[in-house]
Amino acid sequence: MGNKNKTISFRVNEDAFETLREIAEERDISLSAVFRDYVDTLVAHDGQVQVVPKHELEKLREGEEESFPPTVEVPKSFIREHERLELEAEHLREQLEEHKGYVNYLREQVENDHDDVEEVIQLEDLDTGDEPSFRLG
């Protein structure tokens, strides 16, 4: 199987389009080639690409500004605390699932017991008033 090219389509506003066209003219290449170069660079650097004006590019090369992508040093205690909280959250999720299962079990028991209950007749309901009443005593 050969390497097949795919087409990517997207929209940009008119100002951005004009800027891209000017870049293509300046480099004496087609507008499509500008995009292909950008995509090739993006793929080659695993998505770590930053588009900057030329004057800022020189500053970046000289090391006056921070490198891209920016990096932050995180203390080990923060990482340990984060891992501890992740474990605790996982434990709480497991407990929640157990409680949900128990609640569902109890609901099923109540529904099943409700079906098995014999009908209860109240004595007041037996008095219909049609029959003569007797008094003992």
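Note that the structure is a prediction, hence the values are computed from the model and not measured.

Re a nonpolar patch on the surface
Okay, so step 1: Judged by side-chain polarity, Ile8, Phe10, Val12, Phe17, Tyr38, Val39, Val43 and Val51 come together as a nonpolar surface patch covering roughly 780 Å² of accessible area.
Okay, so step 2: Element by element, the count of residues in the nonpolar patch is highest for helix 2 (residues 31–44), at three residues.
Okay, so step 3: In this fold, Ile8 is placed in the segment before helix 1 (14–27).
Okay, so step 4: By relative accessible area, which is 64% here, Ile8 ends up exposed.

Structural notes on the packing of helix 1 against helix 2
Okay, so step 1: Where helix 1 contacts helix 2, the two axes come as close as 8 Å, and the packing angle between them is 95°. Here helix 1 lies roughly perpendicular to helix 2, going by the angle between them. Of the residues in helix 2, those in contact with Phe17, Leu20, Arg21, Ile23, Ala24 and Arg27 of helix 1 are Leu31, Val34, Phe35 and Asp37.
Okay, so step 2: Along the lines of polarity and charge, the residues of the contact of helix 1 with helix 2 split into seven nonpolar, no polar and three charged.

What counts, and where the lines are drawn
- Residues numbered from 1 in each chain as written.
- Predicted model: local features only at pLDDT ≥ 70, side-chain atom pairs only at ≥ 80, totals over all residues.
- Heavy atoms only, no water.
- Patch = residues over 30% accessible without salt bridge, like charges linked within 9 Å, V, L, I, M, F, W, Y side chains within 5 Å.
- Areas by Shrake-Rupley, 256 points an atom, 1.4 Å probe, with all protein chains shown as cover.
- Salt bridge = Lys/Arg side-chain N within 4 Å of Asp/Glu carboxyl O.
- Helix = DSSP H or I, 4+ residues; strand = E, 2+ residues; numbered from the N terminus.
- Buried < 20%, exposed > 50% of the residue type's maximum accessible area, 1.4 Å probe, protein only.
- Axes fitted to C-alpha atoms, helices over the stretch in contact; angles between N-to-C directions.
- Parallel < 35°, antiparallel > 145°, perpendicular 65-115°, else oblique.
- Contact = heavy atoms within 4.5 Å.
- Nonpolar A, V, L, I, M, F, W, Y, C, P; charged D, E, K, R; others polar.

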